[in-house]
Amino acid sequence: MKSERKSGSKIKETQPIKIKPHNVASERQAGSAHSPLRPERRIGYAVVGLGRLALMQILPAMTKCKYSKPVALVSRDAQKAKKVALQYGIPETSIYDYEHFDDIKNNPEIEVVYIVLPNSLHEEYTIRAAKAGKHVLCEKPMSTSIASAQRMIDVCKTNKRKLMIAYRIQYEPINRQCMKWLREEKFGKVRLITSINAQNIGDPEQWRLKKALSGGGSLPDIGIYNINTARFLLGEEPESVLSSIYTTPKDPRFTEVEEAVMFQMFFPGGTIANCTCSYGVHESRHYRCYGDKGGLFGVANAFAYGGLRLEVSHVKDNLEWNAQPSFGAEKDQFAQEMDHMSQCVLNDKIPYTPGEEGLQDLKIMEAIYESAQSNKLVKLERITKLDAFRGTPPKKD
Ligand code: NAD
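Residues numbered from 1 in each chain as written. Predicted model: local features only at pLDDT ≥ 70, side-chain atom pairs only at ≥ 80, totals over all residues. Heavy atoms only, no water.

The next subject is the overall build of the protein chain. Counting its regular elements, the protein chain contains nine helices and 15 strands. Taken against the 2.2 N^0.38 rule, which gives 21 Å for 397 residues, the C-alpha radius of gyration of the protein chain at 21 Å falls within 12% of a compact globule. Based on the C-alpha atoms only, the size of the protein chain along its principal axes is roughly 65 × 60 × 40 Å. Here the protein chain holds 397 residues, and the buried ones make up 52% of them. For the protein chain, long-range pairs separated by at least 24 residues make up 72% of all intrachain contacts whose partners lie at least 6 apart in sequence. (Helix = DSSP H or I, 4+ residues; strand = E, 2+ residues; numbered from the N terminus. Rg over C-alpha atoms; globule rule 2.2 N^0.38 Å. Buried < 20%, exposed > 50% of the residue type's maximum accessible area, 1.4 Å probe, protein only. Contact = heavy atoms within 4.5 Å.)

Sheet strands pair via backbone hydrogen bonds, and the direction of the pair is either parallel or antiparallel. With parallel pairing, the six strands of this open sheet are ordered in space as β3-β2-β1-β4-β5-β6. Looking at the sheet topology across the chains shown, the edges are occupied by β3 (95-96) and β6 (163-165). Here strand β2 (residues 68-74) pairs with β3 via two bridges, running parallel. By the bridge assignment for β3, leucine 73 is matched with isoleucine 95. (Pairing = 2+ DSSP bridges.)

This part covers the site of the ligand. Arg52, Asn119, Lys140, Arg168 and Trp207 are the nearest of the 22 residues found near the ligand. The contact in question runs from an oxygen atom of the ligand to an N or O atom on the backbone of leucine 53, over 3.0 Å. Within the contact set of the ligand, an oxygen atom lies 3.2 Å away from a side-chain nitrogen or oxygen of arginine 76. Against a free-state accessible area of 840 Å², the protein chains account for coverage of 83% of the ligand. Breaking the shell around the ligand down by element, the ones donating at least two residues are α1 (52-62) and α7 (218-234). Considering only residue class, the shell around the ligand consists of twelve nonpolar, three polar and seven charged. (Near = heavy atom within 4 Å. Polar contact = N/O pair within 3.5 Å; in protein donor to acceptor, adjacent residues only side chain to side chain. Areas by Shrake-Rupley, 256 points an atom, 1.4 Å probe, with all protein chains shown as cover. Nonpolar A, V, L, I, M, F, W, Y, C, P; charged D, E, K, R; others polar.)

Let us look at the domain arrangement of the protein chain. Domains assigned within the protein chain are domain 1 (33-166) and domain 2 (173-328 + 352-379). One C-alpha centre belongs to domain 1, the other to domain 2; they are set 27 Å apart. In this complex, domain 1 contributes 19 residues to the contact, which on the side of domain 2 involves 20 residues. For the pairing of domain 1 and domain 2, the buried interface totals around 1,600 Å² over both sides, and the portion due to carbon and sulfur atoms is 65%. (Domains from an automatic or database assignment. Buried area = accessible area lost by both parts, 1.4 Å probe.)

With that out of the way, let us pick up the side chain of histidine 122. Position of histidine 122 relative to the elements: it lies in helix α3 (residues 122-131). Reaching out from histidine 122, the side chain makes a polar contact with the backbone oxygen of leucine 117 at a distance of 2.6 Å. The residues contacting histidine 122, other than those within four sequence positions of it, are Ile115, Leu117, Cys138, Glu139, Lys140, Pro141, Met142 and Met152.

With that out of the way, let us pick up the side chain of lysine 69. Take lysine 69: it is sitting in strand β2. Lacking a salt bridge, the buried lysine 69 has glutamate 109 as its closest oppositely charged neighbour, with an N-O distance of 4.3 Å. A polar contact of 2.8 Å, which involves the side chain of lysine 69, links it to the backbone oxygen of proline 39. Lysine 69 has contacts with Pro39, Glu40, Arg42, Ile43, Gly44, Tyr45, Met62 and Glu109, leaving out every residue within four places of it along the chain. (Lys, Arg positive; Asp, Glu negative; His and termini not counted. Salt bridge = Lys/Arg side-chain N within 4 Å of Asp/Glu carboxyl O.)

So, in structure tokens, the structure goes:
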């Protein structure tokens, strides 16, 4: 049974409640009060896979959402699922195992299925969810091959269900500020983006290091942030890539997948993104955008769940000013992302990061692997339209 909602419904109760400022107008003003939709009108999510991300980020973020709420859980561990269901007020009747996943079709409370499983399982559960009449929010990377990602898009289209890939960075205010500065050329044209995403991965037995489940090593897991964020900042698509791969010989962690990838993406407007992802060094996640008129900007901790810091360096009065402008209280990236999906369901819009956005990253990653193997520049389809694969931009809070 497909859950249907009237599209375009007015959401008056979420109009921000006005709080009179208590500081003078020249001070930075606080945002508006949190104004959630009443619980019975929020979009119900089934969270599939109760691992690290689901338990430590996604479910806690639900409590900060305005338009989204957890209504069902899918897990192979019944005891764990019962405990989590109690914590989030989910009835035991809304706990499913993978074998009985398709029964979600009989639960009208579930409107969106959030897939938080190892990468190679994303396709199966996206397809089963869409066939059960549910919209899908799927973790990155969308899948482990171009063909698989295309099947996910096709099945969701056939079943008239929305498919969004969980690129939380694109909904996060500091990264959105950088996107705005880059596109309005605040410090001139950005000619170079440098970007690193690294972590020192442990346990050689984990699924991330098993190719059949992960699809690859540091590139699809964390290098995807270097790729997707550069594409998002510029709005452009790379026309070629050049790369090399390094894996420490005999390291038991890297018998199936690569350790580090160094790659350049060349964009049609002339910008080069110089990126590194690694599973073998101390955690580091940042990028910088270098302009050609007296300034650079970027984000420290850029791809982390929190603690992001905007960094700007520019020349004024013949002095180099280094600043870390603050937005005040941080927003939960997962809440922002889920609420975007929910607003798309409520108002019948195409998500900002639909399946096509995830497919494009898979095409770029395949070209990066090919370049490393051939030691040659690999060309991609030339795409001239800006934001070619993105849907409705998220609303400003
Ligand atoms: P995890 O290993 O902590 O959790 C995976 C869950 O899947 C576990 O509960 C496990 O029991 C379940 N599972 C079901 N079938 C399985 C199977 N055959 N093999 C292994 N596990 C199986 O992983 P995670 O870190 O939560 O990652 C899950 C997904 O979320 C991945 O696609 C990952 O890329 C993505 N992720 C995204 C972010 C982000 O910031 N958006 C961060 C971390 C992970």
